[in-house]
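Coordinate inspection notes
Here is how the chains run, residue by residue.
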Amino acid sequence: MRILVVGSLPPSESARAEALRVEVVGLLAEGHTVEVVALDPVATAHRYLTMGGIPGCVRIATMVSGFDSVVVQLQPGLPVRERAGSLERNLSLVALSFALRRGRQVVIRLERLDDLPGGAGGRAALFLWRSAERIVVGGDDQRAAFFAAVGRPAEAMVIGSSREHDVHEVDADDLGWGEGTDTSAENVLELVRKRAARERRQLAASESAHFAGWDRLPASGTAFTELDSAVSQSPQGPRTPGDLARSALAVADRRPLLRPAVRVVRAGFRSARALLQPDRSD
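The sections below set out a description of the structure shown in this document. Please read all numbers here as calculations on a predicted model, not as lab measurements. (Residues numbered from 1 in each chain as written. Predicted model: local features only at pLDDT ≥ 70, side-chain atom pairs only at ≥ 80, totals over all residues. Heavy atoms only, no water.)

A tally of helices and strands in the chain yields 9 helices and 7 strands. Taking all 282 residues of the chain together, 41% fall into the buried category. Sequence-distant contacts, at least 24 apart, represent 64% of the contacts inside the chain between residues at least 6 apart. Carbon and sulfur atoms provide 54% of the accessible area of the chain, an area that totals close to 15200 Å². (Helix = DSSP H or I, 4+ residues; strand = E, 2+ residues; numbered from the N terminus. Buried < 20%, exposed > 50% of the residue type's maximum accessible area, 1.4 Å probe, protein only. Contact = heavy atoms within 4.5 Å. Areas by Shrake-Rupley, 256 points an atom, 1.4 Å probe, with all protein chains shown as cover.)

Next up, the structure:
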């Protein structure tokens with residue numbers, strides 16, 4: 001099946017992102033074709049939503065057709081902005097419910113009830129839950145909290161996370177491929193992720209220079225984006241307007257007050273490039 005997954009994979013590290021990573025790896029291992037669309041511009045994904053909230057829900061509505069299944073991981077900003085009022089929250093939930101009704105075999109993931117601003121209760125939220133064939137929450141305790149907030153009209157469709165995950169870091173050297181070790185795709189990906197996290201911690205301890213996106217990582221480290229790549233290299237010829245724009249974004253990214261604007265610009269750049277370049281997913 002072709003499956004659309006909407007949600008942010010690592011980085012950054014969180015129980016929510018790790019749970020979605022385990023879900024995606026499981027789908028790939030089952031032989032499905034998966035396309036990931038993320039809200040967080042530094043997350044691993046094929047495509048990115050330029051905005052969350054209601055505009056993000058409208059964008060999702062244009063994506064779901066053509067997929068055999070849709071998996072949506074709810075998180076702050078998707079579908080509800082973190083600082084949204086009650087009216088905006090209700091409109092966002094209804095907008096996402098209408099968007100998902102255009103899809104097939106919809107699965108909604110809610111790792112923790114706190115990941116949905118305003119909680120899981122309310123009439124607008126009920127519209128959203130009814131748009132899904134299955135609702136996955138982060139464990140038995142979260143399932144009980146979900147029923148406490150929503151009631152039990154759809155108890156059969158709400159399940160705890162079926163794929164075990166553990167976000168506690170261990171030394172990656174302990175995970176080397178010894179004789180008889182299970183070298184599955186999931187274990188390989190887990191090893192690479194843990195070694196990358198350890199290297200970021202080592203970079204932080206060495207007091208190396210600040211890179212664009214540094215403090216948006218789960219542990220101090222580097223986030224090197226496509227827009228920043230030209231900044232780190234000595235230009236071989238005259239600087240182009242694109243080089244100047246990248247340099248300006250890199251400088252602005254070091255200013256805390258300007259970082260939200262920089263993230264919007266970078267997300268817009270990725271969306272524009274995705275529209276202009278041929279689709280390679282087919």
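Structure's up, so let's keep going.
Ranked by internal contacts, the top residues of the largest apolar core, which has 37 residues, are Ile-60, Leu-74, Leu-100, Leu-110, Trp-129 and Phe-146. At the level of secondary structure, the elements contributing two or more residues to this core comprise β1 (2-6), α2 (53-61), β4 (69-73), α3 (86-100), β5 (106-110), α4 (123-130), β6 (134-137) and α5 (140-150). When residues no more than four places from it in sequence are discounted, the contact partners of Ile-60 are Val-6, Leu-49, Leu-78, Leu-96, Ala-99 and Leu-100. Membership of the second largest hydrophobic core comes to 11 residues, among which are Val-5, Leu-9, Val-71 and Val-136. (Core = buried A, V, L, I, M, F, W, Y, C linked by side-chain atoms within 4.5 Å.)

Bringing the pattern of salt bridges into the picture now. A complete count under the given rule lists 8 salt bridges for this structure. One salt bridge in this structure joins Arg-16 and Asp-115, with 2.8 Å as the shortest N-O distance. With Arg-16 in helix α1 (residues 15-29) and Asp-115 in the loop between β5 and α4, the pair connects residues that are 99 residues apart, well separated along the chain. Between Arg-47 and Glu-35 there is a salt bridge; the shortest N-O distance is 2.6 Å. Of the two residues, Arg-47 is situated in strand β3 (residues 47-48) and Glu-35 in strand β2 (residues 33-38); the sequence distance between them amounts to 12 residues. Through salt bridges that share partners, Glu-23, Arg-109 and Glu-111 make up one connected network. (Salt bridge = Lys/Arg side-chain N within 4 Å of Asp/Glu carboxyl O.)

Turning to a nonpolar patch on the surface, a few remarks are in order. A surface patch of nonpolar side chains, amounting to about 360 Å² of accessible area, comprises Ile-54, Val-58, Leu-87 and Leu-91. Elements that contribute at least two residues to the nonpolar patch include exactly α2 and α3. Along the chain, Ile-54 turns up in helix α2. (Patch = residues over 30% accessible without salt bridge, like charges linked within 9 Å, V, L, I, M, F, W, Y side chains within 5 Å.)

Pairing is parallel across the open sheet formed by 7 strands, whose spatial order is β3-β2-β1-β4-β5-β6-β7. Sheet topology places β3 and β7 (158-160) at the edges, where each strand pairs with a single neighbour. As defined by bridge partners, β5 adjoins β6 across 4 bridges and the pair is classed as parallel. What sits directly across from Val-107, in β6, is Arg-134. In the packing of α1 onto the sheet, contacts are made with β1, β2, β4 and β5, and the angle to β1 comes to roughly 175°. (Pairing = 2+ DSSP bridges. Axes fitted to C-alpha atoms, helices over the stretch in contact; angles between N-to-C directions.)

Our focus in this paragraph is the environment of Arg-102. Relative to the elements of secondary structure, Arg-102 occurs in the loop between α3 and β5. Taking relative accessible area as the criterion, Arg-102 reaches 54% and is therefore assigned exposed. If sequence neighbours within four positions are ignored, Arg-102 has contacts with Ala-61 and Val-64. A distance of 3.0 Å separates a polar side-chain atom of Arg-102 from the backbone oxygen of Ala-61. (Polar contact = N/O pair within 3.5 Å; in protein donor to acceptor, adjacent residues only side chain to side chain.)

With that settled, the discussion passes to the pairing of β6. Each parallel crossover has a hand, and for β5 linked through α4 to β6 it is right-handed. Where β6 and β7 come together, 3 bridges link them in parallel fashion. Paired with Val-136 across the strands is Ile-159, a residue of β7. (Right-handed = clockwise from strand over helix to strand, strands pointing away.)

A few words now on the packing of aromatic side chains. Following the criterion strictly, the structure yields 2 aromatic pairs and no others. A centroid spacing of 6.2 Å and a plane angle of 75° characterise the contact between Phe-146 and Phe-147, whose relative ring orientation is edge-to-face. With respect to burial, Phe-146 and Phe-147 carry one shared label: buried. A network of ring pairs unites the aromatic residues Trp-129, Phe-146 and Phe-147 as a single cluster. The ring of Phe-67 carries the charged tip of Arg-2 above its face, separated from the ring centre by 4.4 Å. (Phe/Tyr/Trp six-rings, centres within 6.5 Å; stacked < 30°, edge-to-face > 60°. Lys NZ or Arg CZ within 6 Å of the ring centre and 35° of its normal.)

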